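Architecture and fold: a report
Single-letter residue listing:
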Amino acid sequence: MTRRVCVIPGDDAAPEAVLPSLRVLQAMEPGIEFVELPDGQAGRREHGDRWNDVCIEAIEATDTTLFGSSSGATPAIGYLRYGKDTYANVRPTRYLPGAESPLRNPEGIDFVIVRENTEDVYTGIEGDLSLLTPLKLTSRRNNPLPESGGRFAIKVITEEKTRRVVEFAFRLAQRRKDRGHRGSVISACKWNVLPQTDGLFRDVAAEVASEYHDIEYTNYLADDFARRIVATPLDLDVVVLPNLYGDILSDEAAALVGGLGLAPSACYGDDFAYFEPVHGTAPDIMGAGTINPTATLLSAAMMLDHLELGDAGDRLVGAIEAVFADGSTMTPDQGGDSTAEQFCDAVIERL
Ligand code: ATP
């Protein structure tokens with residue numbers, strides 16, 4: 001059965017990683033029909049006010065989406081995340097021998113951060129402090145709220161959305177355990193400072209954990225856990241985090257194994273998933289053609305697994321690993337001088 005994949009290249013330098021990655025996928029001939037959309041600027045020019053609808057129609061007409069990254073010109077990200085309720089943002093951190101790690105011994109690092117993808121401070125609700133005055137809020141800490149001269153942001157944690165993402169993390173840990181991983185889940189938050197919101201996250205996570213007797217479970221304070229990521233990364237298996245900590249700590253995790261150029265991600269809902277690198281649009285290197293496409297390619301490999309295309313995902317990962325082991329076609333972030341196109345040519349040669 002032919003699968004249909006919507007390819008949304010995104011903005012700034014992101015298309016410079018997505019388009020050569022698409023060439024790699026086409027070279028694999030895995031039985032996919034690709035529906036390719038323009039980059040953000042071209043999309044706006046070609047479709048004007050209909051650009052967002054054009055993206056949504058293409059997403060709906062296909063089985064899944066490979067997305068670059070958006071700095072605003074490609075609006076589809078809102079639909080992919082909130083419209084499709086893709087609540088579990090899965091961000092693997094795995095060391096590929098040959099990658100530039102700041103650690104003396106990064107061999108064997110292989111863990112996955114599951115970031116809650118729909119709530120927390122990403123509600124997008126902020127305002128002037130004066131709006132809160134009528135509510136007469138009192139501080140738990142004898143630290144009175146100023147009535148003006150500043151802004152506030154709303155952080156929302158719900159039981160339902162915490163439960164579903166933590167359950168996702170435990171199911172992932174079970175599948176990884178079947179493949180020889182440790183079988184552990186860690187959660188981290190700041191329940192000491194935020195006993196209402198992060199306290200709820202911690203309580204719900206502990207409740208879910210009590211239902212999974214085959215998986216170890218530990219909760220850390222987020223700051224302590226940030227240190228542990230660097231100090232003892234080999235101890236980690238599956239980590240589940242509220243949205244903001246997940247965003248920040250997965251960039252930290254990526255640094256251990258070579259940086260954002262190597263960090264893939266997948267966003268899963270109950271009946272839809274899409275795939276995108278962790279990194280943003282890298283506007284500072286736009287036009288150079290040297291953005292590292294590995295993060296996009298590894299996201300594409302996760303997509304091939306999701307589409308259940310036999311060993312296609314493993315073949316792609318194997319070819320990427322071979323290019324890193326060889327080391328002669330690296331992009332500048334990995335100490336080389338190759339372009340994304342040249343890197344992808346090297347992957348195609350090794351498929
Ligand atoms: P966002 O907030 O959208 O996640 P960001 O502010 O974290 O974006 P990025 O676009 O991810 O920023 O870029 C951060 C830095 O990492 C920039 O210097 C960028 O050039 C670099 N970078 C990001 N992705 C890559 C990549 N694939 N290859 C090489 N460098 C990259």
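Described below are features of the structure shown in this document. Bear in mind that the values here come from a model prediction, so they are computed numbers and not experimental data.

1. Quick word on the overall build of the protein chain
Scanning the protein chain from terminus to terminus reveals 11 helices and 12 strands. For 351 residues, the compact-globule estimate of 2.2 N^0.38 gives 20 Å, and the protein chain sits close to it at 21 Å. When its C-alpha atoms are laid out on the principal axes, the protein chain stretches across 65 × 50 × 40 Å. Every one of the 351 residues in the protein chain was classed for burial, and the buried ones make up 51%. Considering only contacts in the protein chain between residues 6 or more positions apart, those separated by 24 or more positions represent 75%. Here the protein chain has roughly 15,700 Å² of accessible surface; of this, 49% comes from carbon and sulfur atoms. A gap of 5 Å separates the mean positions of the 32 positive and 55 negative side-chain charges of the protein chain.

2. What to know about the packing of aromatic side chains
Enumeration over the complete set of coordinates arrives at 6 aromatic pairs. Taking 5.8 Å as the distance between ring centres and 70° as the angle between the ring planes, the aromatic pair formed by F324 and F343 counts as edge-to-face. Of the two residues, F324 is situated in helix α10 (residues 312-326) and F343 in helix α11 (residues 340-350); the sequence distance between them amounts to 19 residues. Here the two residues F324 and F343 agree in accessibility, since each one is buried. An aromatic cluster is defined as three or more aromatic residues linked by ring pairs; in this entry it consists of F168, Y268 and F275. Geometry around F272 places K84 over its ring, the cationic atom sitting 4.8 Å from the centre. It is R115 that lies over the ring of Y122; its NZ or CZ is 5.2 Å from the centre.

3. Brief notes about the side chain of D11
Topologically, D11 is positioned in the loop between β1 (3-10) and α1 (14-28). Lacking a salt bridge, the buried D11 has R44 as its closest oppositely charged neighbour, with an N-O distance of 7.2 Å. Here S71 takes part through its backbone nitrogen, which lies 2.8 Å from a polar atom of the side chain of D11. Filtering out sequence-adjacent residues up to four positions away, D11 remains in contact with G40, S69, S70, S71, G72, A73, T74 and T281.

4. Overview of the packing of helix α9 (residues 294-306) against α10
Closest axis-to-axis distance for the α9/α10 pair is 7 Å, and the angle between their directions is 160°. If you check the angle between α9 and α10, you find them roughly antiparallel. The element α9 and its partner α10 pack so that their crossing is left-handed. Within the contact between the two elements, α9 uses T294, L297, L298, A300, A301, L304 and D305 and α10 uses A312, G313, D314, L316, V317, I320 and F324. Residue classes in the contact of α9 with α10 are distributed as 10 nonpolar, 2 polar and 2 charged.

5. Overview of a nonpolar patch on the surface
On the surface, L135, L137 and L145 cluster together into a nonpolar patch covering about 300 Å² of accessible area. Looking at where L137 falls in the secondary structure, it is placed in the loop between β6 (126-128) and β7 (151-153).

6. Side note on the site of the ligand
Around the ligand, the neighbouring residues are L260, G261, H279, G280, T281, A282, D284, I285, I291, N292 and D333. At a separation of 3.3 Å, a nitrogen atom of the ligand approaches a polar side-chain atom of H279. For the ligand, an oxygen atom lies 3.2 Å from a polar atom in the backbone of T281. Coverage of the ligand by the protein chains reaches 59% of its 620 Å² of free accessible surface. Taken together, the residues that form the shell around the ligand break down as 4 nonpolar, 5 polar and 2 charged.

7. Looking at the nonpolar core
Among the nonpolar cores identified, the biggest contains 80 residues, and L25, V114, F225, L316, I320 and V347 are the most heavily contacted of them. Of the domains in this structure, domain 1 (1-94 + 263-351) and domain 2 (110-119 + 157-256) are the two that each give at least three residues to this core. Ignoring anything within four residues of it in the chain, the contact list for I320 reads L96, T294, L297, L298, F343 and V347. Formed by 14 residues, the second largest nonpolar core is a distinct cluster that contains C6, I8, F67 and Y274.

8. Re the sheet that holds strand β8 (residues 184-189)
Spatial strand order, β2-β1-β3-β12-β11-β4-β5-β10-β8-β9: 10 strands in an open sheet with mixed pairing. Bordering the open sheet on either side are β2 (32-36) and β9 (216-221), each of which pairs with just one other strand. The average undirected angle you get between the axes of adjacent strands in this sheet is 20°. Strand direction decides the pairing type here: strand β11 (residues 264-268) and strand β12 (residues 273-277), joined by 5 bridges, are antiparallel. Pairing of S265 across the sheet is with E276, part of β12.

The rules behind these values
Residues numbered from 1 in each chain as written. Predicted model: local features only at pLDDT ≥ 70, side-chain atom pairs only at ≥ 80, totals over all residues. Heavy atoms only, no water. Helix = DSSP H or I, 4+ residues; strand = E, 2+ residues; numbered from the N terminus. Rg over C-alpha atoms; globule rule 2.2 N^0.38 Å. Buried < 20%, exposed > 50% of the residue type's maximum accessible area, 1.4 Å probe, protein only. Contact = heavy atoms within 4.5 Å. Areas by Shrake-Rupley, 256 points an atom, 1.4 Å probe, with all protein chains shown as cover. Lys, Arg positive; Asp, Glu negative; His and termini not counted. Charge placed at Lys NZ, Arg CZ, Asp CG, Glu CD. Phe/Tyr/Trp six-rings, centres within 6.5 Å; stacked < 30°, edge-to-face > 60°. Lys NZ or Arg CZ within 6 Å of the ring centre and 35° of its normal. Salt bridge = Lys/Arg side-chain N within 4 Å of Asp/Glu carboxyl O. Polar contact = N/O pair within 3.5 Å; in protein donor to acceptor, adjacent residues only side chain to side chain. Axes fitted to C-alpha atoms, helices over the stretch in contact; angles between N-to-C directions. Parallel < 35°, antiparallel > 145°, perpendicular 65-115°, else oblique. Left-handed = near helix turned anticlockwise from the far one by under 90°. Nonpolar A, V, L, I, M, F, W, Y, C, P; charged D, E, K, R; others polar. Patch = residues over 30% accessible without salt bridge, like charges linked within 9 Å, V, L, I, M, F, W, Y side chains within 5 Å. Near = heavy atom within 4 Å. Core = buried A, V, L, I, M, F, W, Y, C linked by side-chain atoms within 4.5 Å. Domains from an automatic or database assignment. Pairing = 2+ DSSP bridges.

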